[in-house]
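Observations on the model geometry
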Amino acid sequence: MKVKIAQTAFTGGEIGPELFGRVDLPFYVNSVKKAENCHTVVQGGIVSAPGTMYIGETATQTSANRLIPFIYSTTSAYVLEVSNTQIRFLQNGEIVKDAGVPVVLSMPNGLKGDASKLVFVQQDNFLLLWRTDGAGIYRLSKLTPILFTLSPVSFQVPPIDEVGETRFNTTFILTGTTLDAATAAFETADVGRQIKLNDGLLQITGFTSSTKVTVSVLSAPTSGTIASAYSTDFVLLDSPQTKITPTGDVTVGGTITLTATAAAFKNTAQMSHIGMFVEINSGIIEITSVTSSTVVVGVVRKTMTGLANSFAGSWSIKQSLILLAYAATPGPGKIVDHFKAGCSFEGRLVLGGTSQYPNRLTMSASGEYLNFATGVNDNDAISRDLDGYDQILHVVPSNRLYVFTYAAEYAVSGSDNGPVTPLSVIARAYTSYGSSPTVQPVRAGKDVVIVQRIGQRVRGYSYQFSQDDFEAPDFTVRHPTITGAGVVRLVYSDAPYQIMWAVLADGSAALMCVDRPSGTYAWSTFKTDGVILDAVSLPESSGDSVYLFVKRNIAGADKYMVERVDYQYSTHCGIVASGAASDTWPVAHLDTETVDILADEVPMNQEAVTSGNVTLPRNASSVEIGLPFTSTITLLPAEFAAQDGSIMGEKAQLSSVMLRLVRTRGLSVNGEQVLYRQLDEPILDAPTLPFTGDKVIGQMGWEENQKEITITRTQPLAFHISAIKRTMQVN
């Protein structure tokens, strides 16, 4: 029986062996068994994967580097090559230089260290950077195309709370109901305050001296000893219990003096209130000096309603939830913590999840990203704890604020889906898959793509109008093992093709053509002679550009390189050069490697790079030279219903294969080269013109369970297949 089977699209992509033979699934007929170094396009065809352009070796030759996007404007974007100690700038496929010297910024102490712990937020036309284990938040600004600054931000009011006093520079011991400090730690106004001592809870009932108080044991600690200074296992909770009288200027920037009835303030080597904040009469004062144990002076950071006396319990001492400035040994009382996530949403800087408050969302005042003074007015800052005590890992802006934790996925909005305000914040968990703590989600159309907490499944979180609900379908369900090595980075490129890059822990990448409206979630693989360590995507003049950080072994030594993905290239780590006709071209970065060569757009035999140069068999005035890669497409067996049932497993003769091609120059089918030259074309050294049309490969023989069809690209030439037709004789 003679049959003709057409595959008119490849929008199913490469599917896993778990689905082989599942002809009942609607996407099966548009899928393939293998797609390596190629990818589906939304229009339905499948194209060769892009090559990569060599930019240069990283300034610091180590795997600890990271790539971060910095989008100054729609026409000016940079890739930051970040090491543990410095930042280098890349733009439009080149290293940014000043008079021939790469532009480099040294990392301040608060940012130095493991670059994987950096958090970055694009805020207007500057970038905010901080470390999850660092100090302060830093602002990266562009002054000229080659001049940048990196400086710490100064908050009007940082994120603050009444966290108590901790990290005393002294030790403590509890004996019965007596708590002794090795050096001065207490004041008379501490009576009534509670103490967290290891896993126990105490309340001060009497003051004997600055080193001794009487306590009531509310919950007995396993150990009553704090044996080391700066311990976070000792916290003097709440605020001093005394009346405060304010005097001075109540407006922002004014100077206020606060006088306590009883000794309440500290400024010793053991504990200091300087740099903390007093919330009183609806205002906030930053303490700048301690005159005595009863008097402090401060600067108004949020206007007070007046100078009325404030009694115990109606005022409080608060402090920053993060360490605001680097110190080799942070002073006593300083909170050594930082936010794990951040973004910009509705004109607010959103910070999420410290170690002490893992489920807390903190949003700046509207239009004032350095002001976190909370209040009840619509434009005041907002502090909101999510239900549960789950660590916030990522926050992503969309039509709502999406919050991802280790256990669930939240959407945050105002009432009736309006803007968020202090009195209108609705945060609900709609799904409970959990996110990877190390892989930042990315937006792809209306989807926010996340890596599930196990590090292998990729999901698309979005609101579905038809269901009036949020969902996060598994994008890897058709190929569960394609990301089995574990995802380390996600980046999305919208142009020229809609491709999600998933960098994998084994050094390869999985590509997904994604388009929810058409139902396209087509996977393929991207492999190179090296290890892909990181990737980033950002807009450039030619479309979205993907940059790769790659480790390659050159001449027996590991080299760390930055490369840009480019569909004009047909090699990896390649260079394009032109000039006077010559048979010798420099390729020093690939010394001793065997390379692919396009000479005047004609493929040459592979050659080895010797002493930094490659020698061609003839002169050429333009070349592309780089590492070779092979593209492979293996089709699934054709399946259809026959008169006596399915042909699955039947012996069949493949009579011919027809490829419908678009601007294609180089392919073979089961090892047989597809020929493209026309009779009217120049021959010999002239390049083959890109071919659009149909090409037929002839008889291929009988085989049990059908002959497998493999299409390969071994020469550095691009292809685009829009459809395939198989003509078969089934026994």
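Everything below is about the structure printed above this text.
To start, this report covers the structure provided alongside it. (Residues numbered from 1 in each chain as written. Predicted model: local features only at pLDDT ≥ 70, side-chain atom pairs only at ≥ 80, totals over all residues. Heavy atoms only, no water.)

Our focus in this paragraph is the overall build of the protein. Secondary structure assignment for the protein yields zero helices and 65 strands. C-alpha atoms of the protein, sized along the principal axes, occupy 100 × 65 × 45 Å. Within the span of the protein, comprising 731 residues, buried residues form 55% of the whole. Counting every atom, the protein has about 29,200 Å² of accessible surface; 50% of that belongs to carbon and sulfur. (Helix = DSSP H or I, 4+ residues; strand = E, 2+ residues; numbered from the N terminus. Buried < 20%, exposed > 50% of the residue type's maximum accessible area, 1.4 Å probe, protein only. Areas by Shrake-Rupley, 256 points an atom, 1.4 Å probe, with all protein chains shown as cover.)

Before going further, it helps to spend a moment on the nonpolar core. Membership of the largest hydrophobic core comes to 36 residues, with the highest contact counts inside it found for Phe-172, Leu-179, Phe-186, Ile-195, Phe-234, Phe-265 and Ile-280. Ranked by size, the runner-up nonpolar core spans 27 residues in total, among them Cys-38, Ala-652, Ile-721 and Val-730. (Core = buried A, V, L, I, M, F, W, Y, C linked by side-chain atoms within 4.5 Å.)

This part is about the side chain of Thr-528. Among the structural elements, Thr-528 can be located in the loop between strand S48 (520-526) and strand S49 (531-540). We classify Thr-528 as buried; its relative accessible area is 17%. A polar contact of 3.0 Å, which involves the side chain of Thr-528, links it to the side chain of Arg-552. Discounting residues that sit within four places of it in the chain, Thr-528 has contacts with Arg-552 and His-572. (Polar contact = N/O pair within 3.5 Å; in protein donor to acceptor, adjacent residues only side chain to side chain. Contact = heavy atoms within 4.5 Å.)

Moving on, we come to the sheet that holds strand S16 (residues 138-144). Sheet strands pair via backbone hydrogen bonds, and the direction of the pair is either parallel or antiparallel. As summarised here, the arrangement of the four strands in space is S14-S15-S16-S17, forming an open sheet in which the pairing is antiparallel. Strands at the two margins of the open sheet, each flanked by one partner only, are strand S14 (118-123) and strand S17 (147-152). Strand-to-strand twist of the sheet, defined as the mean angle between neighbouring strand axes without regard to direction, takes the value 25°. In the sheet, S14 pairs with strand S15 (residues 126-131) via six bridges, with the strands oriented antiparallel. Looking at S15, one finds that Phe-120 is bridged to Leu-129. (Pairing = 2+ DSSP bridges. Axes fitted to C-alpha atoms, helices over the stretch in contact; angles between N-to-C directions.)

On the surface, a cluster of nonpolar side chains totalling about 260 Å² of accessible area is made up of Leu-143, Ile-146 and Leu-147. Take Leu-147: it is sitting in strand S17. (Patch = residues over 30% accessible without salt bridge, like charges linked within 9 Å, V, L, I, M, F, W, Y side chains within 5 Å. Salt bridge = Lys/Arg side-chain N within 4 Å of Asp/Glu carboxyl O.)

Let us now look at the sheet that holds strand S34 (residues 348-352). A sheet is described by the order of its strands in space; here four strands give the open sequence S33-S34-S35-S36, paired in antiparallel fashion. Bordering the open sheet on either side are strand S33 (341-345) and strand S36 (382-385), each of which pairs with just one other strand. Geometrically, the sheet is characterised by an average inter-axis angle of 15° between neighbouring strands, direction not taken into account. Sheet topology places strand S35 (residues 360-363) next to S36; four bridges connect them, and they run antiparallel. Bridge pairing in S36 links Arg-360 to Asp-385.

This part takes up the packing of aromatic side chains. Here the structure, examined in full by the defined rule, presents 22 aromatic pairs. Ring plane angle 65° and centroid distance 6.0 Å describe the contact between Phe-155 and Phe-372, whose orientation is recorded as edge-to-face. In this pair, Phe-155 is assigned in the loop between S17 and strand S18 (160-161) and Phe-372 in the loop between S35 and S36, connecting sequence segments 217 residues apart. Counting every residue linked through ring pairs, the aromatic cluster contains Tyr-402, Phe-404, Tyr-430, Tyr-461, Tyr-463 and Phe-470. Against the face of Phe-126 rests Arg-139, its NZ or CZ located 3.8 Å from the ring centre. (Phe/Tyr/Trp six-rings, centres within 6.5 Å; stacked < 30°, edge-to-face > 60°. Lys NZ or Arg CZ within 6 Å of the ring centre and 35° of its normal.)

A few words on the state of the cysteines. The full count for this structure, using the stated rule, is zero disulfides. Unpaired in terms of disulfides, Cys-38 finds its nearest cysteine sulfur in Cys-513, a separation of 12 Å. By relative accessible area, Cys-38 is classed as buried at 0%. (Disulfide = S-S within 2.5 Å.)

Attention shifts here to the environment of Leu-321. Following the sequence through the fold, Leu-321 ends up in the loop between strand S32 (316-320) and S33. Since its relative accessible area comes to 4%, Leu-321 is described here as buried. Residues Leu-321 and Phe-339, 18 residues apart in the sequence, show an inter-C-alpha distance of 8.6 Å. Excluding its chain neighbours within four sequence positions, the residues that come into contact with Leu-321 are Pro-159, Ile-160, Asp-161, Val-163, Ile-335, Asp-337, Phe-339, Thr-354, Tyr-357 and Arg-360.

This brings us to the pairing of strand S1 (residues 2-7). When a strand is regular, its side chains alternate between the sheet's two faces. Of the two faces of S1, only the one carrying Val-3, Ile-5 and Gln-7 is buried; Lys-2, Lys-4 and Ala-6 on the other face are not. One ladder, built from six bridges, connects S1 with strand S65 (residues 720-730); its direction is antiparallel. In the sheet register, Lys-2 faces S65, and the bridge partner there is Gln-729.

In this chain, Ala-495 is followed by Pro-496 through a cis amide linkage whose omega measures 5°. Along the polypeptide, Pro-496 turns up in the loop between strand S45 (487-493) and strand S46 (499-504).

Scanning all chains against the criterion turns up 24 salt bridges. For Lys-318, the salt bridge is made with Glu-279, and the minimal N-O distance between the two is 3.0 Å. One end of the pair, Lys-318, is in strand S32; the other, Glu-279, is in strand S29 (residues 277-280), and 39 residues separate them in sequence. For Lys-318, a relative accessible area of 15% corresponds to the buried category. What makes Glu-279 partly exposed here is its relative accessible area of 25%. Note that Glu-563 and Arg-552 form a salt bridge whose closest N and O atoms lie 2.8 Å from each other. A residue pair is termed long-range when its members are at least 10 positions apart, and Glu-563 in strand S51 (residues 557-566) and Arg-552 in strand S50 (residues 543-554) qualify at eleven residues. There is no split in this pair, since Glu-563 and Arg-552 are both buried.

Turning to the pairing of strand S43 (residues 458-464), a few remarks are in order. With respect to burial, S43 is a largely interior element, six of its seven residues being buried. Pairing between strand S42 (residues 447-451) and S43: four bridges, direction antiparallel. Bridge pairing links Val-449 to Gly-460 in S43. Counting the residues that bridge the hairpin from S42 to S43 gives six residues, and of these Gly-455 lies at a positive phi of roughly 85°.

We now examine the environment of Leu-538. Within the element layout of this structure, Leu-538 appears in strand S49. It is 54 Å that separates the C-alpha atoms of Leu-538 and Phe-172, two residues lying 366 residues apart in sequence. Setting aside anything within four residues of it in sequence, one finds Leu-538 in contact with Pro-69, Ala-77, Tyr-78, Val-79, Gly-543, Asp-544, Ser-545 and Tyr-547.

Within the element layout of this structure, Val-730 appears in strand S65. Along the primary structure Val-730 and Leu-654 are separated by 76 residues, whereas in three dimensions their C-alpha atoms are 8.6 Å apart.

Moving on: the side chain of Thr-571. Summarising the element assignment, Thr-571 is placed in the loop between S51 and strand S52 (572-586). For Thr-571, a relative accessible area of 1% corresponds to the buried category. Within polar-contact distance, the side chain of Thr-571 engages the side chain of Glu-624 at 2.8 Å. Every residue in contact with Thr-571, bar those within four places of it in the chain, is listed here: Gly-51, Thr-52, Asp-596, Glu-624, Ile-625, Gly-626, Leu-627, Phe-629 and Pro-716.

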